[in-house]
Amino acid sequence: MSNLAWIFVSTLLVNNFTLVMFLGLCSFFGVTAKVETAWRLGLANTFVLLLTAAGAWVLNTFVLLHTPFLRTIAFIVVVASGVQIVEMAVKKHFPVLFRQLGIYLPLITTNCAILGLALFQTARHYTLVEALVFAIGAGLGLTLALSLMASIRERIEVADMPVIARRMGLVLVVASCLSMAFMGFAGMGSAP
Amino acid sequence: VTTATADQATLMPGAPPPASVAADIWRGIVRENPVLVQFLGMCPTMAVTNTLANGIAMGLATAFVMVGAGLVVSLVRKYVAHEVRITTYIVVIATFVTLADMILAAGFPVISKALGPFMPLIVSNCLTLGRAESFAAKVGPVRAMADGLGMGLGFTASLALLSAIRELLGRGSLFGFDVFGPRFEPWVFMVMPPGGFLTLGIALLGLAWILELRRRRAEVLA
C-alpha cells in the first residue's frame, strides 16, 4: 500500500510528467492560454492515460512477451485507437463535453505523455494496480502543471511586457521557474 | 512564431509550391527551423539536451526517421484512404523509430541507455507526423526525403546548440572532455530540467531581440 502511495506522490510531484520529465510539452505550451481549457484538457488526458495504462499492461503481459521489438508500434496503435474510441463514446453520450473539448480530444494522440506512460510502466515492470495508480498520478500532475501555467499566462496577458518577451521566450522562462519549484520536491526521495 | 501559426501552416491544404531539392533541404535548417522557429518537437528538445553527445544522437536519429518515413509516406500517398492516413503515417514512423532504436542499441549502447524511453518517443514527436502529413504526403519521394533531411538536420543543429550550452555550463565539458579545467565550479542547474527550459527560453528571447533590432534598423533606414 505504501508503495502505491509513493508511486502516486512521486508521479504527481517529485517526477511531475510535464515539468520534470518533459512529457506532453506541446499541450503545455499550446493549450495553456486559458485556465478553463487547460483544466479540461488535463482531465481528458487523465482519462486517456488510465485507458492506455490498462491497454498497455494487457498487451505487454499477454501478447508482447516474445516480441519486445514490436512494443513501440503496438503501443502507438493502442493509443491512437483508444483516443478514437473515447472520442466516439464522448460524442455519443456526452455531446456537451464533446463540444467543450473540441479539437483537443483527437490531439491527445500525439501527446508524448500518453506513449511515455506506456513505455515507463513497461520499463519499471509495474503490476496492473501500480500502473493504474501511476496513470492517475501522471494525469493529475499534468492537470496541475497545465492549470498553474495557464493561471500565470492569464496574468502575463494583461501585464506590460517588452516586445521581445511577448512570444514563447518568456513562457519558457516561466516554465523554468515552475520546474525549479518542482525540483524542490526531489528532497522527498527518488523514483522507485 | 507561436504554435497557432505553426498549426495553420501544417494544416494548409494542397501541395507545397515547387522548389529545388537544395531549397527543400535548406528551408528546414534555417528559415523553418523546427525548434527555434516552428516550435515543434519540444519534448526531446528539453529532455535529452543535457549532454552534447545525447543531443546530436537524438537529432540524427530523428533525421533518419524523417528521411525514411518521408520516402515511404510519399510512395504510398496515392493508395492510402483519407480516413486512415494518420494511423498509416504513425505506423510507418513507428517502424523506422524501432529500426533507429535497434541500430543505436547495437552500435552505441551507452548513448542508447542515456536516451532511454525518449528514443521510442520520437514516434509522438509532433515534428515527424506534422511533416509527413503536410509535406511528404503531397510531393514525390525525392522532395519528401530532402525535406525530411533538412528538417532533421535543422532539428539536430538546434539540439546541438542547446546541449552544447547546457553541457558546457552544467558540467564544464564538451563531448565529455573537460574544457574549463578543475577550478571550474559546474553550474549543475543547467543540466537539470529547469535548465532546459531556461536555455531555450533565453535562446528564443535572444533571437526575438535580434529580429526586433533588425526590424527597427529597417524602419530607421526607410
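Residues numbered from 1 in each chain as written. Chains lettered and ligands numbered in written order. Predicted model: local features only at pLDDT ≥ 70, side-chain atom pairs only at ≥ 80, totals over all residues. Heavy atoms only, no water.

Draft legend 1. Summary view of the overall build of chain A. A count of helical and extended segments in chain A gives 9 helices and 0 strands. Its C-alpha atoms give chain A principal-axis dimensions of about 60 × 45 × 30 Å. Burial statistics for chain A: of 192 residues in total, 50% are counted as buried. Taking all contacts inside chain A whose residues are at least 6 apart in sequence as the whole, residues at least 24 apart take part in 77%. By element, 70% of the accessible surface of chain A is carried by carbon and sulfur atoms, the whole surface being about 8,800 Å². Charge centroids of chain A, computed over 11 positive and 6 negative side chains, lie 6 Å from each other. (Helix = DSSP H or I, 4+ residues; strand = E, 2+ residues; numbered from the N terminus. Buried < 20%, exposed > 50% of the residue type's maximum accessible area, 1.4 Å probe, protein only. Contact = heavy atoms within 4.5 Å. Areas by Shrake-Rupley, 256 points an atom, 1.4 Å probe, with all protein chains shown as cover. Lys, Arg positive; Asp, Glu negative; His and termini not counted. Charge placed at Lys NZ, Arg CZ, Asp CG, Glu CD.)

Draft legend 2. View of the confidence of the model for chain B. Residues and elements named next belong to chain B. For chain B, mean pLDDT is 85; residues scoring 70 or higher make up 93% of the total. Helix 1 (residues 3–11) is the least confidently modelled element of chain B, averaging 43 in pLDDT, while helix 4 (residues 52–75) averages 93, the highest of any element. Taken as a whole, residues 1–12 scores under 50 in pLDDT and shows 8 contacts with residues more than four places along the chain or in a different chain. Our summary of model confidence lists the complex with pTM equal to 0.85 and ipTM equal to 0.84. (pLDDT = per-residue confidence, 0-100.)

Draft legend 3. How the structure looks around the environment of tryptophan 26 of chain B. Locating tryptophan 26 of chain B in the fold gives a position in helix 2 (residues 21–29). Sequence spacing of tryptophan 26 of chain B and lysine 138 of chain B is 112 residues, and the spatial spacing of their C-alpha atoms is 19 Å.

Draft legend 4. Region of the structure containing the nonpolar core. In this structure, Leu23, Leu25, Phe28 and Phe29 of chain A are the most contacted members of the largest nonpolar core, which totals 109 residues. For this core, the element with the highest residue contribution is helix 8 (residues 128–158) of chain A, accounting for 10 residues. (Core = buried A, V, L, I, M, F, W, Y, C linked by side-chain atoms within 4.5 Å.)

Draft legend 5. Structural view of a nonpolar patch on the surface. Residue and element names in this part refer to chain A. Residues Trp39, Leu43, Ile136 and Leu140 make up a contiguous nonpolar surface patch of about 350 Å² in total accessible area. Looking at the nonpolar patch, the elements with two or more residues in it are helix 3 (35–63) and helix 8. By secondary structure assignment, the location of leucine 140 is in helix 8. For leucine 140, a relative accessible area of 34% puts it in the partly exposed group. (Patch = residues over 30% accessible without salt bridge, like charges linked within 9 Å, V, L, I, M, F, W, Y side chains within 5 Å. Salt bridge = Lys/Arg side-chain N within 4 Å of Asp/Glu carboxyl O.)

Draft legend 6. Highlighting the packing of helix 1 (residues 2–14) of chain A against helix 8 of chain A. All names here are of chain A. Packing of helix 1 against helix 8 brings their axes to within 7 Å, and their N-to-C directions diverge by 25 degrees. As summarised for this structure, helix 1 and helix 8 are arranged roughly parallel, according to the angle between their axes. Of the two possible hands of crossing, helix 1 and helix 8 adopt the one that is right-handed. Packed against helix 1, whose contacting residues are Asn3, Leu4, Ile7, Phe8, Thr11, Leu12 and Leu13, the element helix 8 presents Val129, Glu130, Val133, Phe134, Ile136, Gly137, Ala138, Leu140, Gly141 and Leu144 at the interface. Taken together, the residues of the contact of helix 1 with helix 8 sort by class into 12 nonpolar, 4 polar and 1 charged. (Axes fitted to C-alpha atoms, helices over the stretch in contact; angles between N-to-C directions. Parallel < 35°, antiparallel > 145°, perpendicular 65-115°, else oblique. Left-handed = near helix turned anticlockwise from the far one by under 90°. Nonpolar A, V, L, I, M, F, W, Y, C, P; charged D, E, K, R; others polar.)

Draft legend 7. Inspection of the interface of chain A and chain B at higher detail. Facing the 37 residues of chain A at the interface are 34 residues of chain B. Surface buried jointly by chain A and chain B totals about 3,300 Å² across both partners, of which 85% is contributed by carbon and sulfur atoms. When the buried area of chain A at its contact with chain B is split by residue, Phe22, Ile164 and Leu172 of chain A rank highest and sum to 20% of it. Connecting chain A to chain B are 0 salt bridges. In this assembly, chain A and chain B are joined by 1 residue pair in polar contact (both at pLDDT 80 or more). Put simply, the parts of the chain that give the side of chain A that touches chain B at least two residues each are helix 2 (25–30), helix 4 (71–93), helix 7 (112–123) and helix 9 (168–183) of chain A. The element that contributes the greatest number of residues to the side of chain A that touches chain B is helix 9 of chain A, accounting for 10 residues. Looking at the side of chain A that touches chain B residue by residue, the classes come out as 26 nonpolar, 10 polar and 1 charged. (Buried area = accessible area lost by both parts, 1.4 Å probe. Polar contact = N/O pair within 3.5 Å; in protein donor to acceptor, adjacent residues only side chain to side chain.)

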